Amino acid sequence: MHRLHNTVKKFEWGSTDAIPAILGTVPDGTPCAELWLGAHPVSPSRLDVGHTPSQAPLERQNRLGGQQPTGGVATEAEPRLGPNLIEYLVGDPEGLLGHDSLESFGARLPFLLKVLSASKALSIQVHPNREQARAGFAAEEAAGPALDAPDRNFKDASAKPELIYALTDFHALTGFRPRKAVRATFERMLSQPLTPPSLDVLGAIIAALKSFSESKALSRAVEIILSDPRTPGLVDEVAAHGIDELPVGHISRSGSAVDPAQTFCELVTDYPHDPGALVGLMLNRVHLQPGEALTMDAGVLHAYLFGTGIEIMASSDNVVRGGLTSKHVDIEQLSKITDFHAGAPRMVEPDHSGMLLGPTDDFALQALRCPRTTTVERRGAAIVLCTAGTVTLSSLGSTLTLERGQSAFIAANEPTVTADGHGDVFVATTGLNSGAAGR
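As the structure is a prediction and not an experimental result, all values here were calculated from the model.

Q: Provide a residue-level description of the overall build of the chain, including the pertinent values.
A: Secondary structure summary: the chain contains 13 helices and 22 strands in total. Against the 2.2 N^0.38 benchmark of 22 Å for 439 residues, the chain shows a C-alpha radius of gyration of 24 Å, consistent with a compact globule. Along the first, second and third principal axes, the C-alpha set of the chain runs to 85 × 50 × 40 Å. Residues classed as buried in the chain amount to 54% of the 439 residues present. A separation of at least 24 residues holds for 78% of the contacts in the chain among residues at least 6 apart in sequence. About 18000 Å² of surface is accessible on the chain, with carbon and sulfur atoms providing 52% of the total. Positive and negative charge centroids in the chain, built from 36 and 50 side chains respectively, lie 2 Å apart.

Here it is in structure tokens:
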């Protein structure tokens, strides 16, 4: 077990206080959007080699029944940064990652754990499946754009399913609402005094939603919204006039935790003129209560709106955007990758051990609140993050105490690890041997 030092990402959409509160630092007004824990090449965690698990002398352990005495944990040492996780894993891939993980994912940590805290919407985006990622990455590598080129979609050959566990009230857009609900939402704009260009593009969107099959209709509507140069004018005019709210039960509210009029108002406030505000109206809106979790497979168009949560995903950087951003929007790739079938959001319930499983075997997340000598579930390597209180990890007499904001890497070959304390911890590991694939 090794304590980790991690990187805070200061993206402009981040909140200023939630992540500093978890880390126990004083907010300075700077947005702190994400805390990354893992072995992603952009910001890999580093090992603290100045702090190792404390070991009670064997004679004292036997006298105490194997239990570490109160205050027996070594005094906190000054951090001394060692190798990053990528470098560390090279030394013993099979021992550190586990045989099954090495066979399934290669010599890399397949998941990335984050604390995510948003004060405004992230971009609408979708991620490829494994086959699409491999083909897309190979094509872009052959074409020659640098990995950090602004128009690059595929930065690796991996899929990127993800899961979000709410620490606070958390709002997200995910997957398409029923076509009838989407069409009824756009038809509410017809009562506004729109200019002819805006009325024309609105008419084209509604016409697309009335024809074709449901998935083809939704695909065509997204394509019109993102490609028609008149769409920003429509967004501005609808924002200026506003959309009257309608009562719960109206067909246009189907699939949304709030009236879509509220969603539109929030999105255009954060992203004026952006066509993505209209794409957002087409998606299910979910309001997660603290402790609830939502997962997104490859192909699911989504956007996080606001709130703080624990996010776990396959360790990939492949993103195709569909609005609410100043970054590159690739309509052609978006159309190829997105699943345009309407469907309900995929909520996730923990199993008996507290494990939350995603749609693939890249990751699993265990949420432990005030654990009492609870086994830390591991299917290969694991990363443990303490978000509140104090929790002690124990393995064969060795202990490592994590306070709020502290984290640790646990190798696959570490014997059974238990967690005990008055605090909250999250355990990230693989979903191997869990039945996650195909769920």
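Q: Give me helix α7 (residues 179–187): which residues, what numbers.
A: One turn of an α-helix holds 3.6 residues; hence residues three or four places apart share an orientation. Within α7, burial applies to Arg179, Ala181, Val182, Ala184, Thr185 and Phe186. Where α7 is buried, its residues meet α8 (196–210), α9 (214–227), α11 (260–270) and α12 (276–280).

Q: Give me the lowdown on the packing of aromatic side chains, citing residues and values where you can.
A: As enumerated under the stated definition, the model contains five aromatic pairs in all. Plain terms: the ring middles of Phe11 and Trp13 are 5.8 Å apart, the flat faces sit at 35° to each other, and that makes the pair tilted. A cation sits over an aromatic face here: Lys9 above Trp36, 4.8 Å from the ring centre. The ring of Tyr271 has Lys120 sitting right over it, with the charged end atom 4.9 Å from the ring centre.

Q: Could you give an account of the UniProt feature "domain: Phosphomannose isomerase type I catalytic" (unreviewed entry) in the chain, with specific residues and numbers?
A: Per the UniProt record, "domain: Phosphomannose isomerase type I catalytic" (unreviewed entry) is annotated on residues 99–178. End C-alpha atoms of residues 99–178 are separated by 44 Å, and the span's content is 26% helix alongside 28% strand.

Q: So what about the nonpolar core? Which residues, and what values?
A: Phe186, Phe264, Leu278 and Met282 are the most contacted members of the largest nonpolar core, which has 45 residues in total. With sequence-adjacent residues up to four places away left out, Phe186 is seen in contact with Leu202, Ile205, Ile206, Leu209, Ile225, Leu278 and Met282. Core analysis: the next-biggest nonpolar cluster, separate from the first, contains 33 residues, Leu35, Leu96, Leu356 and Phe426 among them.

Q: Provide a residue-level description of the domain arrangement of the chain, including the pertinent values.
A: Under the domain assignment used here, the chain contains domain 1 (172–348) and domain 2 (368–429). Centre-to-centre separation of domain 1 and domain 2, based on C-alpha positions: 39 Å.

Q: Tell me about the UniProt feature "active site" (unreviewed entry) in the chain, and name the residues and values.
A: Mapped onto this numbering, the UniProt entry gives "active site" (unreviewed entry) at Arg321. Within the secondary structure layout, Arg321 lies in strand β14 (residues 320–321). The exposure class of Arg321 is buried, given its relative accessible area of 19%. Discounting residues that sit within four places of it in the chain, Arg321 has contacts with Ser123, Ile124, Gln125, Lys327, His328, Val329, Asp330 and Leu334.

Q: Kindly report on the pattern of salt bridges, identifying the contributing residues and their values.
A: Under the criterion given, the structure shown has 15 salt bridges. We note a salt bridge from Glu187 to Arg183, for which the minimum N-O separation is 3.6 Å. Here Glu187 pairs with Arg183, and both are found in helix α7, just four residues apart, close to one helical turn. According to the relative accessible area criterion, Arg183 is partly exposed, its value standing at 23%.

Q: Before we move on, can you summarise empty space enclosed by the protein with the specific residues and values?
A: Unfilled space is identified by rolling a water-sized probe across the atoms. Across all of its chains, the model carries one cavity of 30 Å³ or more by this definition. In this model, the largest cavity occupies a volume close to 40 Å³. Forming the boundary of the largest cavity are Leu173, Arg177, Ser256, Pro260, Thr263, Gly280, Leu281, Leu283 and Arg285. For the lining of the largest cavity, the secondary structure elements donating two or more residues are α11 and β11 (283–288). Taken together, the residues of the lining of the largest cavity break down into four nonpolar, three polar and two charged.

Q: Could you give an account of the layout of surface pockets, with specific residues and numbers?
A: Its boundaries defined by the atoms lining it, the largest pocket holds a volume of some 880 Å³. Lining the largest pocket we find 37 residues, and of these Phe11, Ser123, Gln125, Arg321 and Lys327 sit closest to its centre. Put simply, the parts of the chain that give the lining of the largest pocket at least two residues each are β3 (34–38), β7 (111–118) and β13 (302–314).

Criteria and thresholds
- Residues numbered from 1 in each chain as written.
- Predicted model: local features only at pLDDT ≥ 70, side-chain atom pairs only at ≥ 80, totals over all residues.
- Heavy atoms only, no water.
- Helix = DSSP H or I, 4+ residues; strand = E, 2+ residues; numbered from the N terminus.
- Rg over C-alpha atoms; globule rule 2.2 N^0.38 Å.
- Buried < 20%, exposed > 50% of the residue type's maximum accessible area, 1.4 Å probe, protein only.
- Contact = heavy atoms within 4.5 Å.
- Areas by Shrake-Rupley, 256 points an atom, 1.4 Å probe, with all protein chains shown as cover.
- Lys, Arg positive; Asp, Glu negative; His and termini not counted.
- Charge placed at Lys NZ, Arg CZ, Asp CG, Glu CD.
- Phe/Tyr/Trp six-rings, centres within 6.5 Å; stacked < 30°, edge-to-face > 60°.
- Lys NZ or Arg CZ within 6 Å of the ring centre and 35° of its normal.
- UniProt positions renumbered as here; feature names shortened; annotations may be inferred.
- Core = buried A, V, L, I, M, F, W, Y, C linked by side-chain atoms within 4.5 Å.
- Domains from an automatic or database assignment.
- Salt bridge = Lys/Arg side-chain N within 4 Å of Asp/Glu carboxyl O.
- 1 Å grid on protein atoms, 1.4 Å probe; cavity = no way out; pocket = protein on both sides within 12 Å on 5 of 7 lines; lining within 4 Å.
- Points joined across faces, edges and corners; volume = space filled by probe spheres on them.
- Nonpolar A, V, L, I, M, F, W, Y, C, P; charged D, E, K, R; others polar.

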